[in-house]
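Secondary and tertiary structure notes
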Amino acid sequence: MHVMSIEELRARLEETSQRIGALREEIKNLKEQRSAILEEIKRLRDEKNRLLEKIRELKNKIREISSKRRELIDEYKKLLETKRKLQEDLATLRELMEEKIQVIQSLGKEEKIPVSVLREKIEELEWSLQTRVMSLEEENRVLMKIKRLSELLKRAEELRNRKAEILELRALYSSLRIQLNDTRSKISNLIGQIRDLTSKRDALREELKSTLDRYNQLKNEVVSRREKLKVISNDITEKTAELNAMRNRYNELIKEVEKAKSREAWEKKKREVMEKIDGKRRLTLDELKLLYGSPDEEEEV
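Here the structure is a predicted model, which is why all the values come from computation and not from measurement.

Next up on the list: the overall build of the chain. For the chain, the helix and strand inventory stands at five helices and zero strands. Starting at the N terminus, the α and β elements of the chain follow one another as α-α-α-α-α. Taken across its 301 residues, the chain has 26% of its residues classed as buried. Taking as baseline every contact in the chain between residues at least 6 positions apart, the subset at least 24 positions apart corresponds to 85%. Within the structure as shown, the chain displays about 21,800 Å² of accessible surface, and the carbon and sulfur contribution to it stands at 49%.

Examined against the element boundaries, Arg184 turns out to sit in helix α3 (residues 136-278). Judged by its relative accessible area of 34%, Arg184 is partly exposed. For the pair Arg184 and Leu79, spaced 105 residues apart in the sequence, the C-alpha separation amounts to 8.2 Å. Setting aside chain neighbours within four positions, we find Arg184 in contact with Lys83 and Gln87.

Turning next to the pattern of salt bridges. In the structure shown here, the tally under the stated rule is 20 salt bridges. Note that Arg214 and Glu47 form a salt bridge whose closest N and O atoms lie 3.3 Å from each other. With Arg214 in helix α3 and Glu47 in helix α1 (residues 6-108), this pair connects stretches of sequence that are 167 residues apart. Residue class for Arg214 comes out partly exposed when judged on its relative accessible area of 26%. Look at the salt bridges and you will find they share partners, linking Glu40, Arg43, Glu47, Arg214, Glu221 and Arg225 into a network.

About the thresholds
- Residues numbered from 1 in each chain as written.
- Predicted model: local features only at pLDDT ≥ 70, side-chain atom pairs only at ≥ 80, totals over all residues.
- Heavy atoms only, no water.
- Helix = DSSP H or I, 4+ residues; strand = E, 2+ residues; numbered from the N terminus.
- Buried < 20%, exposed > 50% of the residue type's maximum accessible area, 1.4 Å probe, protein only.
- Contact = heavy atoms within 4.5 Å.
- Areas by Shrake-Rupley, 256 points an atom, 1.4 Å probe, with all protein chains shown as cover.
- Salt bridge = Lys/Arg side-chain N within 4 Å of Asp/Glu carboxyl O.

This is the structure in structure tokens:
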């Protein structure tokens, strides 16, 4: 087994010392990296939590707008149904009025005298029949005239009634037209509101998508930083173990240097004793022990 000299041991000590210094620096750098990564992970988590809160808020806003939009669409559908019914009612009224107008036109051809005048004339003739003495021929003429005037009165009253119906139908028609226009205005207003809500909803959805993308990106970054942190922690553990081993080795080398120094001193003394023997001088008890002993025994003494 080769026994290293003091110079070799000192060289090993220097190498070990340099390695210890290098390990300390490496561990220091790794711990700084670990601290920086931990700080970065905290920053990423804070941003991730902020984005998560924003995501919740965006989803709530989208839910509220979508709910309002559905309500407006339901109202829009009801108004469309109201509009359809009003249009059908107006068409029916228009046909009815056209029929009544045709009847009025046919009756109006025979209307010459107002209803009040016809009644007054009929009353006069009836009064004449009751108060005047007439011949049979004259009485028949009066009766025929009353009959003719009564027929005219009947037609005139029918015409007046139909005109009154026309006026009522026209009033109803105008009322329905007003309702239809009001319904159309409401529909147009609803369409604008629905478009506005749709635009807001779509904008929020785009914002939500970009926020979710950023959130997922941050999650991946956190995972990546944790993996890197794990590698660095393992490196710190390994290098710390190596540093402890180097320190132990350094202490062992110190002891070996001390032993080498003691051995060198022992060998020097032994040479001096050998020179004394060569000079035929008497040896002391300690010198005899040195001559027949070993360096280890010398250290014990």
